[in-house]
Every structure is written in C-alpha cells, then in structure tokens.
Amino acid sequence: MEGLGNHAMMDSTELKVSELLKEVHLYHSSHFSSIVDNTVSAIKSCIDEIPVDFKVTADVAPKFVRDIGADKVDFMFKKPSLIEIGGSYSIQSLVRPELNVDLIIRLPKGCFHEKDYLNYRYHAKRCLYLCLIKKYLEASPSIGKVEWSTFLNEARKPLLLVYPAAKVAEVPGVFVRIIPSATSLFSLSKLNMKRNNIHNLNHGTTLQATPKYNSSILEDMFLEDTAFVNKTFLGWKEIREALILLKVWARQRSSVYVHDCLNGFLISVVLAYLASKQQISNSMKAIEIVRITLNFIATSESWSRGLYFPKTGLNSITKEEKIQLKESFPVIICHPSGGFNLAFRMSRNGLNQLQDEAALTLKCMEKCRAGGFEEVFMTKIDYAVKYDYCIRLNLKGKKEVYVSGFCLDDECWRLYEEKVHGILAKALNDRAKSIQVTWRNTQCQWSVNDGLSVLDKEPLFIGISVSTLEKAFRIVDIGPNAESKDEGLEFRKFWGEKAELRRFKDGRIAESTVWESEQWSRHLVLKRIVEHVIGRHLSLSMENIIGAVDQLDFSLLHGAGDPVSYSGNLLGAFDLLSKRLRLIEDLPLKVSSVQPLDSAFRFTSVFPPEPHLLANEKFESLRLNKYVPSCVQPLEVMIQLEGSGNWPMDEIAIEKTKSSFLIQIGESLQKTWGVTCTATENDVDVLMAGYAFRLKILHERGLNLLNKEAGNDQAKRVHSTDKKLFIHSQHASMINGLQSRHPIYGTVVRLAKRWVSSHLFSACLLEEAVELLVAYVFLNPFPLGVPCSRINGFLRFLRLLSQYDWTYSPLIVDINNDLSPSDEKEINVSRELKRLVAYAKSSANLLTKLTFQEEIGPYRWECLFRTPLNNYDAIILLHKDKLPYPQRLLFPSEADNGKLIARGHASKSFQPFLLPKDLKGKPAALKNKLLIDFDPSRFFVRDLEKEFSNTFKVWHDSLGGDVIGLTWVESYSSKKRKQETDVNQAHNPPKVLKAVGQVGKGFVRSICFLKPPKLTN
C-alpha cells in the first residue's frame, strides 16, 4: 500500500509539473514569432538608415564617458557585421512572466583600434554605438519605446530594451534586448587574467592585474559562442523543461537570482556541463534532471576545482590558464573555447547562498507533500522572508563610494558590497550563519546621459541569517588576551570606544565588547552591533542605517517596557503556589499535580500580568503609587487529585464535588499561609505573590482521554468540562515544549495575536488557534529555515494566512509528530476565512514593502495594526477611559464617515484605576476592591452576540480596543427584503443600532451607521 501511495504522489507531482510548464513556458506560436520577426526587422531597418562613416564622439554621452574614465573614444560608424537572435529564444526556453528576446549585434572591427581594450575605451565606444542606434530606433513607427538597462547589473555595460509598437495580448510586456558582441575584436592574450589593462591603476611601481575588467570584455567576445549550449538543448525536450523549471526555481529566490550569483544563462551552462559529463541523460524526466542538478550544485566537490568542459578538438585550456583563473576568481565555470570564466561575477558568498538554497530545496523534495512542489516552485522567497534581520543603507549622495573612481577593475558598487560584507562578517562572527550584501544599483530608471553618479538612488540591502539565538543575543564578545598586544591593538582599532579591557570570572583579562541590554530587548543587540561598525567604518549616520528589527515593538509595550520582563516573577509565584498546594494535608485527596494553563506561563500572552500590589499576602502603604489598576487578570491553573473510586457519576454532582474541593483548598491556603482566596459558583481565585491564580480541577475520568484505546462509551462518559480542560492542558504542554525549543516563538505569537485583535478578528481566531498557526510556521518552515527574529516570524505568519489553500487543504499542526494519516483525514476546515485572508495579504505586502523602502505617506509601520473602519457596516466607539486596561489601546478610534446614530455619556460606576481615596483602609478591605476577570468589553460583546445574532456579526478586539465593528448578516438582509413595507423597528438598521446603544449604555461613546444591509432574494 505504501508503494501505491508513493506512486500516486509521483503521478500527482508530475501532473503539477506538467501544468506549471504549460503556464510558464512560452511556446513559439506563429503570432508571437511574427511579432519578434517584425520587431527585429524594424531594428535592422533603423540601423541600416544610419549613414556609414558618421562620426561618433564623446559628446553623444559625455557624462558616461567621463565617469568610466575613458579616452580616445571617437570613431566612424560602421554597420554591424552580424545581427542575430540569441539567448533563451534561440533554444525555445523563454519563461513567463519576464519575456525578452536577446538580439546580438556584432560590433564591427572598423570602429575600434587594436588597443581599445585599454582604459575603458571599448566600454565607452560600445555605449556610444548603442546611443546612435537608440536615436534612430526612437524615430521608427514600429517601435513603441526604447529604454536603457544594464547587462547583469553592470553599469559599464549598458544595453537597450526595445518595445514593439504592436501590443500582443498573449505576451504582454515583451521586449527585445539589444546586446553588443565583440567577436574577434581583440587578441585573447592581451586579456589574460594577469594583465593590467587600466593604466591609471598603478599603485606605486606595480601594476595590478585587472581580471574582472578583462573578463567583462571577454564576455562580449565569447557572447556568440554558445554552440556548446545550443547543441545540448535543441532536440532534447526534457532538458529544456528542466531548464525552465530551474529558472522558475531561481527566480522565486531573490538571494540567488542576483548579479553575484545565478542567472538563466549560467543555469543552461551547468545543465550543458552535466550533460557533457554524462551525469544526466535523455532517458530522464525533467523533474529528475532538476533533482540531479540541485544535488550537483549543493554537494559536488567540482566547485572547489572549477567546472571545465571535456576537451573537444583544438579547444583546450592550459594548466597555466587554470592557475590564473583559480587565483583570480572564487568560482570558475570555464568556457569550452578557452580561458574565460563564465562565472566571473559570482562571489564566494553567492556560491554559498546558492548551495544552501539547493540543499534546502532537496530537503523540501524529500520531506514535503507532493515532492515539495508548492515549496520549490510556487513559493516566493524574497529577502524580507528569508533573512532574520534586514537592513538598508541609504548611500544616496555618498561620494566616498566612488572616491577612487566609478570603474576600477570592478565597479565601485561591487567593491562597496565586498567592503560592507567584510566589516559585518568580522563584527558578527559566529552570530551570523550567512550575510548577504546586495546593491541593485541599476534597478532605477536610468539613462547613460545621466552618467554613473546617479546610480546610488537604490539603497544597499543587507540580509542576515542568525546562527543561533543564544549567539545572536549574546551581550559580551571576548577578544584577544591582554598579553596579545598586536591583536589587542587591531581589536581596539576595529571596535573603537566599544572595546574595553575586562577581567572575567575565570581570572582571564581580555579585550571585549559589551552590549548591555534588558532581557526583553536582547533582539536589539545584533542591530546595535551593525549600527556601530557601519557607522564607525563607513561614516554613516544612524538615519541612513535602517534595520527592520524593532519597528513593531511598540505594539507589545505596556508603559515603558515589555511586560514579558515580569515572567520571572510569575513563574516564581507559580512554583510557590504549586509547592503549597502539594503540602496541603487536610484534603480527602491530596494534590498530585499542578499545571499552568494560561498563555502567560508559556510566554505567548500579549500582556502577561504585572505583579499587582493588592494581590500580595502583605503590602506596604500605597500612597506613593500613582496608578493602581482596578482589574486583575486571573491565571488559570489545573489541579489533579489522587485517584479515588468514590467520585459521583452525575455530571452536576461531579462539578459540585470539585467546587467543594476548591473551597477547601482555598481555606487551607488562607489558614496556613495567610493567602486571600475568593470563591464564586464556578471558580476559586487565589491572590498570592502579586497575581490572581484561578484553580481548576481535572476529574480523573478525564485522564481516559490519554488512552488511545479507550472505547467510545468511556469517551462519552467524560464530562464536557473535563474534556475542555484536558484539551487545554494538552495544548499548553505542547506549546510550552515548542517555546522551549524555539525561544523566539512566543514573541512571534504575541505579535500575531496583537495583529488579529487589532483588526477585530478576536472572535474568528481564538488565542490557541493563533498559537497553532505560528507553531506551523516553526514546525514546517520549508522552503526556509526556522525563523530567528520576531519580524521575520510575523511576516511568515501573515503569508501563511494569506497564501494557504484553506478551501481544499486543512492546516494540520502536528507538534509532537504523532498524528497518523487517518487522523489527518478526519480534520476538516469549515470556517469562512476570506476577510481574514484579505487582511493578512494586505499586511504581508505592507510589511514586505516597509522592509525595502522608507515610510511614505500612509504606508507606515503602525498601519499594520490600524484597521480600516470603513470596511464595516456600522461601528461602535467605546469610552476608552472605561476599558479595564486603557494603556493597552494602540490607537484611539474615530469615525470619519457615516451617520451618527447615538452618542452616550460615560458611566461613573467603574474606573480602571483606583483613586488615592480608594487606597485607604485595611488590607482586607482594599483587596475586596479588586475586580478579578472584569472586562466590560467582553461582557458587552457577549450580550450583543446573544441579542442580535440574527441581525449582525460582531467584530471586536479582545486585547483592549475601543471600537467594535458590525456587519449585517445575510439572513437579516433577506428578511428585510421580504418585509420592505414593514416598518417594524426590528428591521430598521438605525433603530437596531439605537437598541445596541441601550445595551451598552454608559460604555458606548457613539454609534455610526456606514452601510445599509445588501438586499438579497
């Protein structure tokens, strides 16, 4: 049966792959081919119109020529010696949505001198040649528009994007890239990797080699020589499909589809290499070729030596050339025709990123459902979701970037990337698993007429993946010992004023850096390190170093700090309570176990309670305390008693017996330790050590649920209260275990709960559901690693909500990995999630946007927690000074639109804080003024749902919002349609809303009517 299951899964995967190929592969229809042919013909006609021997000078693009530092650039125009289509179009592997056709234009020898490979003369003439072509293209009626772009983010090698005037519905946005080639223009020996061809780069007497510059010219010289790729792909359908799938895979991953790593051509080269080494064959399916290619990328030792194609005919590379390539570049993919490195742009860090992604993808294919199809091909992995810490450097106008020139051996932007990476790698050391530094400086709209100085508009991006939280949150870094003078001097030079000599507990005296921080703000340590070293070594101000790290912390603060800082007090108080409960002797059945159930104990409560002065056994004068809250949150604690056969069988009798036990426990605690206990019909609350603990007893029959083989009859006899309590306890145990494995989990849950409540979804997603959704992010992180920062985890939660297929696939969270396939089949999704999904998608897009750019206009961080009130049919505004915890309110709500239906005055019967006059009297009397579990907002919502369940749906914020949203239910709209002539107030929206105001009298500030019910048949 297992074999059948695997076979079915493979069939399913192959079907999905087949459908994906149909969707993304652009087949060469006659209509599309004619559009391409017509555009190419128009380009050729425009070039033919250019007069031969027309004199081209630097005045065509003076700023570009000046900025790259070229001289002797004038030439007489000659026709291109060849114009032909190349690239993906030529091997029928164009992939949507980025549709472009490469048109290779061979630059004629007559425009160049034999020494134009020196001092950027070739690059300048190449650009001027394109400028002239552009001028004539813009005059053609067959051409829609012509834009400048760059070749693989290399500003010194611009190219032209030509859009046809004719629009094609099947291929919107298609364009032709005009790419110059330089076949046979220069002697290859003059461009070997040890030569210096930029003569103003002489430092002292030694001329430095210019391998990147030389390779930039060689690339154009070898541009047409793609026969080794073409002969592999033409006539082999499966390898073309594999190429298309690998392009989709790479484009989904921003960290590898970038100038210093991978591009579509390099993917085709790697496939051709594997075919030449007979590691793939035409008997394989496309997905199998993809798997082999990814495994080669991730694990092959060939990368350390370099990839060299087998010798063919006269083409061979000498040992000396191999040594030159090895000494010049960290990654080598050698062109079969000679000593040119096709991967000369790929950095060591780029290769590491590529290998990590390939290894992670292989794990997805192995462990995820349906061969990981969704994770591998359909999931976008941008920087914001991939990296734990995302930081931008605004370098606009910073002349230090190009103080030595825009184009040296490499471009100044690439050198700056290397510099930033080196500084961060040294500063972060073992805190970071990987660091990505990317400056997509040519992404902006650009013209060669503007020169190169304007290519600093886009910020430089830094992505940091944390190794472990323990290392990332470390507050002391130990440097060299005091005896190591040279190393100590270097350490102090790097760290500046942060370096200090300290004596440690083991007696060692060493250089160190200390990042003092409260426990709840340790996530800022890494940010502070980056700001310090970048500011120190690059002379950047803090305003130009923007990290997406702490912008959402405001939503979790309670006063000046994060209330999670009181968790130590809370756990200490619980331990004390647990010990005292077990020490009680005068009970018929002793307490056998005590388990905390409240989310505060597992660090997932948005606002874990602070110790309350009146909830202590003893307290001093309260006169110095300005604000003492009136309300106290109860913390649920579950008790189990010793086994006994004397429990009654009747459910009501069981509950009464439990109450009797709880009252007895309360009396014993009060008598023995002076603890204050309050009892109601359903609960017993213990005021102790600053907290209110609400005790619950799990009846022993509830333990039957632990037995998987318990019969149906036994399960039915378990009381519903015990079932809920048992499930709650199981949930608490599992989440507590997950939190201990992933310390950042609790903070992510708190942000998620805050978001859910802020957008009035408290009734849709209970806090346990939010905890499970975030648990899914941590337990099923593929195609990513486990989140190690709060913002990254929160973004993944939002994307899970917005992208998951809720209609057809139940989301199953198997924390203990003990669900069987039969268990999974019994779980169904029935909840309407459209509104929630829409809000999550909007918030995820905004959060991603804010990671990459400045706050502009309405797009600000706080908008993630501001809900648009015009999305409701009516809104109820509450008196914020009557909320039990007014300091938790993020943003006071106001109604800007709609018709005011009712306005109410605030009641004087409740104050959220005890006034000074209330704090006089004996301790027992003061404790009686405490309101345990009092939340007028919750009671009001409960009453609305009870009274108006057939009229409207209530949307509210359970964490302290001052607004409630109402949307008319469909049954109410239908009823109103049937009774259009009925003036009964029950079916008159303004009358209904006035009745709502009466229910909340003293608590409701105003009610606004925004939209009438939609009439339905």
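Model, not experiment: these values are computed from the prediction.

As a further point, take the overall build of the protein chain. Along its length, the protein chain carries 32 helices and 32 strands. Based on the C-alpha atoms only, the size of the protein chain along its principal axes is roughly 105 × 90 × 65 Å. Of all 1017 residues assigned to the protein chain, the portion counted as buried reaches 54%. On the protein chain, roughly 46800 Å² of surface is accessible, and the fraction owed to carbon and sulfur atoms is 50%. Looking at the protein chain, you have 132 positive and 116 negative side-chain charges, and the mean spots of the two groups are 3 Å apart.

The strand order across the open sheet formed by five strands is S19-S22-S25-S24-S23, and the pairing between neighbours is mixed. Strands at the two margins of the open sheet, each flanked by one partner only, are strand S19 (591–596) and strand S23 (676–679). Geometrically, the sheet is characterised by an average inter-axis angle of 30° between neighbouring strands, direction not taken into account. Across five bridges, strand S24 (residues 684–688) lies against strand S25 (residues 691–697) in antiparallel orientation. Counted as the bridge partner of Val-684 is Leu-695 from S25. Strand contacts of helix H20 (residues 567–583): S19, strand S22 (634–641), S24 and S25, with the helix running at about 165° to S19, the strand carrying the most contacts.

A cluster of like positive charges, contributed by Lys-277, Arg-305, Lys-311 and Lys-322, occupies part of the molecular surface. Along the polypeptide, Lys-277 turns up in the loop between helix H9 (264–276) and helix H10 (286–299).

What follows is about the sheet that holds strand S18 (residues 545–548). Strand pairing in a sheet relies on backbone hydrogen bonds, with the paired strands running either antiparallel or parallel. Taken in spatial order, the four strands of this open sheet run S13-S14-S12-S18, and their pairing is antiparallel. Either end of the sheet is taken by a strand with one partner, and the two such strands are strand S13 (432–438) and S18. Taking each pair of neighbouring strands and ignoring which way they run, the sheet shows an average axis angle of 15°. In the sheet, strand S12 (residues 389–393) pairs with strand S14 (residues 460–466) via five bridges, with the strands oriented antiparallel. Its bridge partner lying in S14, Tyr-389 is registered against Ile-464.

The first and last C-alpha atoms of helix H26 (residues 790–803) sit 20 Å apart over 14 residues, in line with the 20 Å expected at 1.5 Å per residue. The N-terminus of H26 is capped by Ser-789, whose side-chain oxygen sits 3.3 Å from the backbone nitrogen of Asn-792.

Counting 244 residues, the largest nonpolar core has Leu-393, Trp-755 and Phe-797 as its most contacted members. Ranked by residues supplied to this core, first place goes to helix H5 (residues 121–137) with 10 residues. Every residue in contact with Leu-393, bar those within four places of it in the chain, is listed here: Val-420, Pro-459, Leu-460, Ile-462, Ile-534, Leu-538, Leu-540, Asn-544 and Ile-545. Ranked by size, the runner-up nonpolar core spans 31 residues in total, among them Leu-570, Leu-577, Leu-662 and Val-675.

Along strand S32 (residues 1004–1009), five of the six residues are buried, which leaves the element largely enclosed by surrounding structure. Where strand S27 (residues 899–903) and S32 come together, four bridges link them in antiparallel fashion. Bridge assignment links Arg-903 to a residue of S32, and that residue is Ser-1006.

What follows deals with the side chain of Ser-328. Along the chain, the position of Ser-328 falls in helix H12 (residues 319–328). A distance of 2.7 Å separates a polar side-chain atom of Ser-328 from the backbone oxygen of Gln-324. Those residues within four positions of Ser-328 in sequence are excluded, and the remaining contacts are Met-193 and Pro-211.

Any pair of aromatic rings gets described here by the distance separating the centres and the angle formed by the planes. Counted according to the given criterion, the structure contains 48 aromatic pairs. Seen from their ring centres, Tyr-117 and Phe-186 are 5.9 Å apart, and the 80° between their planes marks the pair as edge-to-face. Remark: Phe-186 occurs in the loop between strand S7 (175–181) and strand S8 (202–203) and Tyr-117 occurs in the loop between strand S4 (100–106) and H5; sequence separation between them is 69 residues. Judged by centre distance (6.0 Å) and plane angle (10°), the rings of Phe-794 and Phe-865 are stacked. Taken together, the residues Phe-794 in helix H26 and Phe-865 in the loop between helix H28 (834–852) and strand S26 (874–878) connect sequence positions 71 residues apart. Residue Phe-794 shares its accessibility class with Phe-865, and that shared class is buried. Among the aromatic residues, those joined into a ring-pair cluster are Phe-554, Trp-755, Phe-761, Phe-794, Phe-797, Tyr-839, Phe-865, Tyr-872, Phe-891 and Trp-955.

Before going further, it helps to spend a moment on the pattern of salt bridges. All chains considered together, the criterion is met by 54 salt bridges. With a closest N to O distance of 2.9 Å, Arg-121 and Asp-71 form a salt bridge. Of this pair, Arg-121 sits in helix H5 while Asp-71 sits in the loop between helix H3 (62–68) and strand S2 (75–76); the two residues are 50 residues apart in sequence, bridging distant segments of the chain. In this structure, the salt-bridge partner of Asp-220 is Arg-126, at a minimum N-O distance of 3.1 Å. Here the residue Asp-220 occupies a position in helix H6 (residues 211–221), and Arg-126 occupies one in helix H5, the gap between them amounting to 94 residues. Accessibility classification places Asp-220 together with Arg-126 in one group, the buried group. Put simply, Arg-126, Glu-154, Arg-156, Lys-157, Glu-219, Asp-220 and Arg-345 are held in one network by salt bridges that share partners.

Let us now look at empty space enclosed by the protein. Scanning all chains against the criterion turns up five cavities of 30 Å³ or more. Lining the largest cavity, in full, are Leu-246, Trp-249, Leu-262, Ile-267, Val-270, Thr-293 and Ile-297. At the level of elements, helix H8 (237–251), H9 and H10 are the ones that each hand at least two residues to the lining of the largest cavity. Classifying every residue of the lining of the largest cavity by side-chain character gives six nonpolar, one polar and no charged.

On to unusual backbone geometry. Each neighbour pair has its own omega, and for Arg-96 with Pro-97 the value is 0°, a cis peptide bond. Along the polypeptide, Pro-97 turns up in the loop between helix H4 (87–90) and S4. For the bond from Phe-782 to Pro-783, the omega torsion is 10°, close enough to zero to count as cis. By secondary structure assignment, the location of Pro-783 is in the loop between helix H25 (767–779) and H26. Although it is not a glycine, Asn-153 adopts a positive phi angle of roughly 65°. Position of Asn-153 relative to the elements: it lies in the loop between strand S5 (143–151) and strand S6 (154–164). Judged by its relative accessible area of 11%, Asn-153 falls in the buried class. For Phe-603, which is not glycine, the phi torsion reads 65° and is therefore positive. One can find Phe-603 in the loop between S19 and strand S20 (628–629).

So, about the packing of H10 against helix H13 (residues 348–367). Helices that pack against each other are described as a pair by the angle of their axes relative to one another and the distance between those axes. Running from N to C, H10 and H13 cross one another at 135°; their axes reach a closest spacing of 8 Å. Overall, the two elements H10 and H13 adopt an arrangement that is oblique. When the axes of H10 and H13 are compared, the crossing they make is left-handed. On H13, the residues touching Ile-287, Val-290, Arg-291, Leu-294, Asn-295, Ile-297 and Ala-298 of H10 are Leu-354, Gln-355, Ala-358, Ala-359, Thr-361, Leu-362 and Met-365. A breakdown of the residues in the contact of H10 with H13 according to their chemical character gives 10 nonpolar, three polar and one charged.

Turning our attention to H5. For H5, spanning 17 residues, the distance from its first C-alpha to its last is 24 Å, which sits close to the expected 24 Å at 1.5 Å a residue. Burial within H5 is extensive, with 15 of its 17 residues counted as buried.

How each quantity is defined
- The written sequence of each chain sets the order in which its residues are numbered from 1.
- Per-residue local features of the predicted model are confined to residues with pLDDT of at least 70, and side-chain atom pairs are confined, for both listing and counting, to 80 or more; whole-chain, interface and lining totals are unaffected and use all residues.
- As a rule here, side-chain values come from all non-hydrogen atoms in the structure, and water together with hydrogens is ignored.
- Numbering of helices and strands runs from the N terminus; a helix is a DSSP stretch of H or I covering at least four residues, while a strand is a stretch of E covering at least two.
- Only protein chains enter the accessibility calculation, which uses a 1.4 Å probe. A residue is then buried if its area is under 20% of the maximum for its type, exposed if over 50%, and partly exposed in between.
- Residue burial considers only the protein chains on display, and all accessible areas are found by Shrake-Rupley using a 1.4 Å probe.
- Under the counting rule used here, the positive set is Lys and Arg, the negative set is Asp and Glu, and His together with the chain ends is not counted.
- In this description, the location of a charge corresponds to atom NZ of lysine, CZ of arginine, CG of aspartate or CD of glutamate.
- We treat two strands as partners when DSSP finds at least two bridges between them.
- Each axis is a line fitted through C-alpha atoms, and for a helix only the stretch in contact is used; angles between axes span 0 to 180 degrees, taken between their N-to-C directions.
- We call two residues contacting when some pair of their heavy atoms lies within 4.5 Å.
- Like-charged residues are merged into a patch within 9 Å and nonpolar side chains (Val, Leu, Ile, Met, Phe, Trp, Tyr) within 5 Å, provided each residue has over 30% relative accessible area and no salt bridge.
- Any Lys or Arg side-chain nitrogen located within 4 Å of an Asp or Glu carboxyl oxygen qualifies as a salt bridge.
- Here the expected span of a helix is defined as 1.5 Å times the quantity of residues minus one.
- In protein, a polar contact means a hydrogen-donor-capable atom and an acceptor-capable atom, both N or O and within 3.5 Å, with residues adjacent in sequence counting only if both atoms are side-chain atoms; elsewhere, any N or O pair within 3.5 Å suffices.
- The set of buried Ala, Val, Leu, Ile, Met, Phe, Trp, Tyr and Cys residues whose side-chain atoms join them within 4.5 Å is what this entry labels a nonpolar core.
- Two aromatic rings from Phe, Tyr or Trp, using only the six-membered ring of Trp, form a pair when their centres are within 6.5 Å; if the ring planes differ by under 30 degrees the pair is stacked, by over 60 it is edge-to-face, and anything between is tilted.
- Cavity: a set of points on a 1 Å grid over the protein atoms alone where a 1.4 Å probe fits but cannot get out. Pocket: an open set with protein on both sides within 12 Å along at least five of seven lines, its lining residues, like those of a cavity, having an atom within 4 Å of a point.
- Grid points are joined across faces, edges and corners, and a volume is the space filled by probe spheres set on the points.
- All residues other than Ala, Val, Leu, Ile, Met, Phe, Trp, Tyr, Cys, Pro, Asp, Glu, Lys and Arg, Gly among them, are scored as polar; the first ten of these are nonpolar and the last four charged.
- Throughout this description, any angle smaller than 35 degrees is read as roughly parallel, any larger than 145 degrees as roughly antiparallel, any in the 65 to 115 degree range as roughly perpendicular, and the remainder as oblique.
- Note on convention: the crossing is left-handed when the near helix lies turned anticlockwise from the far helix by less than a right angle, right-handed when the turn is clockwise.

Shape descriptors only; they carry no functional weight alone.
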